[in-house]
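Structural features, examined
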Amino acid sequence: MIRVEEMSDIDSVKTKPNLEVTIGPLELSNPVIAASGTFGYGLEFSDQVDLCRLGGLVVKGLSLEPRPGNPQPRLAETTAGLLNSIGLQNVGVRAFLEEKLPELADYDCCVLANIFGESPEEYMRVAEMLDGAEGLSGLEVNVSCPNVKEGGAQFGTDPQKTREVVAGVRKATRMPVIVKLSPNVSDIRPIARAAEEAGADALSVSNTFLGMAIDVETRRPRLSTVTGGLSGPAIKPLALRLVWETVNAVNIPVIGVGGIVSAEDALEYIIAGAHAIQIGTANFMDPLACINIVDELETYLLEHGIQDISELRGTLAEK
Ligand SMILES: Cc1cc2nc3c(=O)[nH]c(=O)nc-3n(C[C@H](O)[C@H](O)[C@H](O)COP(=O)(O)O)c2cc1C
């Protein structure tokens, strides 16, 4: 196996494959992005991870006011997965702008702010406050948030509610808008199309899958909220199917998210048609997971004589 580091400088200049990708208006040095909620505000990882080597990073979901999140226990390991009910704990958009972003802006890295709200107005307000902030490249809108005023169903489970949230955010900002879809729906395609029609520049697919776990000794749920979101390798085939369906339903770029722990996982998403991928739970297993996957992707391209990662996108062959 030839590794990039083992090649002479001249060879590597000649044959170094191109990992750059474009996601609508965003230009990334490579397709590997750290996923929201699994990489803090980026800064927590900066002494271990060279943030400049990431294609991008998405910060923990931000709301108008700070939120303490749900009571403990709010994490439970499952077979090949992780259940969480963090409850969107975060410092709030003002503290992010004042205390986190100025430091993040020192890194040459595509920083995306993940945002949510309990009403379409709150989504708009958060988007307005972040619009044009120095060091920020775009917004990722998490529509997996309960619509508190209207009975608590998530915005992202209904095409009309998704459209309303995305249209509001679109009006509130000139920045690139990525909409992160919920997998907890019977058909993701009408929701993906609603987000596209309302002005999304790209879609992230997907957030966590609803699940639960029980301690059979105490017969209590393992999470304080009983149910939570499942992530990690357990969900990869499920999220991959959703990405493939979404890619075939819309004309905007799709970012694949769910269970990726290796370059092979990432390549499956790219072959299914994803422009880029996000790494979540794998960051908890190894803080260098993203960087390792960037290196492994480069090695794969070299070994397969592929000059540009985009050549692989959407090349799924028929069975
Ligand atoms: C502890 C934890 C916190 C998360 N917080 C957020 C969040 O604030 N906003 C969001 O859109 N997604 C959040 N997610 C979802 C991840 O960004 C990602 O979509 C999901 O975990 C699937 O990817 P993975 O299997 O690689 O972890 C969170 C996931 C975990 C595990």
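Before any of the text, the structure's been laid out above.
Residues numbered from 1 in each chain as written. Predicted model: local features only at pLDDT ≥ 70, side-chain atom pairs only at ≥ 80, totals over all residues. Heavy atoms only, no water.

**Here's the deal with the overall build of the protein**
Each helix and strand counted, the protein has nine helices and 16 strands in total. The C-alpha radius of gyration computed for the protein amounts to 19 Å, which stays within 12% of the reference 20 Å derived for 319 residues, consistent with globular compactness. Over its C-alpha atoms, taken along the principal directions, the protein stretches across nearly 60 × 50 × 45 Å. Put simply, the protein has 319 residues, and 52% of those count as buried. Taking as baseline every contact in the protein between residues at least 6 positions apart, the subset at least 24 positions apart corresponds to 70%. (Helix = DSSP H or I, 4+ residues; strand = E, 2+ residues; numbered from the N terminus. Rg over C-alpha atoms; globule rule 2.2 N^0.38 Å. Buried < 20%, exposed > 50% of the residue type's maximum accessible area, 1.4 Å probe, protein only. Contact = heavy atoms within 4.5 Å.)

**Quick word on the sheet that holds strand β6 (residues 81-84)**
Read across the sheet, four strands follow the order β5-β6-β14-β11 without closing on themselves; strand pairing throughout is antiparallel. If you trace the sheet from one side to the other, it starts and ends with β5 (75-78) and β11 (209-212), each paired once. Taken pair by pair, the neighbouring strands of this sheet meet at an average axis angle of 40°, ignoring direction. With three bridges connecting them, β6 and strand β14 (residues 227-231) associate as antiparallel partners. When the bridges of β14 are listed, L83 appears paired with L230. (Pairing = 2+ DSSP bridges. Axes fitted to C-alpha atoms, helices over the stretch in contact; angles between N-to-C directions.)

**Structural notes on the pairing of β14**
By the criterion of burial, β14 is predominantly enclosed, with four of the five residues buried. Relative to β14, β11 is paired through four bridges, and the arrangement is antiparallel. Bridge pairing links G211 to G228 in β14.

**Brief notes about helix α5 (residues 189-197)**
Buried within α5 we find I191, A192, A194 and A195. Each buried residue of α5 lies within a common arc of 160° when the element is viewed along its axis, so the set occupies one face. The secondary structure elements touched by the buried residues of α5 are α4 (159-172), β9 (177-180), β10 (202-205) and α6 (236-247). Immediately beyond the C-terminal end of α5, within one or two residues, lies G199, with a positive phi of roughly 115°. (Arc of directions from axis to C-beta.)

**Observations concerning the site of the ligand**
Surrounding the ligand, one finds 23 residues, the nearest of these being S36, K180, G232, G259 and T281. In this structure, an oxygen atom belonging to the ligand sits 3.0 Å away from a side-chain N or O atom of K60. If the ligand stood free it would expose 610 Å²; the protein chains cover 97% of that surface. Tallied by class, residues from the shell around the ligand come to five nonpolar, 16 polar and two charged. (Near = heavy atom within 4 Å. Polar contact = N/O pair within 3.5 Å; in protein donor to acceptor, adjacent residues only side chain to side chain. Areas by Shrake-Rupley, 256 points an atom, 1.4 Å probe, with all protein chains shown as cover. Nonpolar A, V, L, I, M, F, W, Y, C, P; charged D, E, K, R; others polar.)

**As for unusual backbone geometry**
Outside of glycine, negative phi angles account for most residues, and trans bonds account for most peptide bonds. Of the consecutive residues Q72 and P73, the connecting peptide bond is found in the cis state with omega at -10°. Here V205 and S206 are connected by a cis peptide whose omega angle stands at 10°. Relative to the elements of secondary structure, S206 occurs in the loop between β10 and β11. A positive phi angle, near 55°, is found at L88, a position not held by glycine. One can find L88 in the loop between β6 and α2 (93-104).

**Description of a nonpolar patch on the surface**
A surface patch of nonpolar side chains, amounting to about 370 Å² of accessible area, comprises M212, I214, V216 and V226. Topologically, M212 is positioned in strand β11. A relative accessible area of 48% places M212 in the partly exposed class. (Patch = residues over 30% accessible without salt bridge, like charges linked within 9 Å, V, L, I, M, F, W, Y side chains within 5 Å. Salt bridge = Lys/Arg side-chain N within 4 Å of Asp/Glu carboxyl O.)

**Focus: the packing of α6 against helix α7 (residues 263-272)**
Contact geometry for α6 and α7: axes closest at 9 Å, N-to-C directions at 20°. Here α7 runs roughly parallel to α6, going by the angle between their axes. Pair α6 / α7 crosses with right-handed handedness. Contacts between α6 and α7 pair K236, A239, L240, V243, W244 and V247 from the former with D265, E268, Y269 and A272 from the latter. Considering only residue class, the contact of α6 with α7 consists of seven nonpolar, no polar and three charged. (Parallel < 35°, antiparallel > 145°, perpendicular 65-115°, else oblique. Left-handed = near helix turned anticlockwise from the far one by under 90°.)

**A look at the sheet that holds strand β16 (residues 276-279)**
If you walk around this closed barrel you meet the eight strands as β3-β4-β7-β8-β9-β10-β15-β16, and the pairing is parallel. Strand after strand, the sheet turns through a mean of 25° between neighbouring axes, direction not considered. Inspection of the sheet shows strand β8 (residues 138-142) paired to β9 by four bridges, in the parallel sense. Considered in β9, the bridge of V141 is made with V179. Contacting β3 (32-34) and β16, helix α9 (residues 289-303) crosses the sheet at an angle of about 175° to β3.

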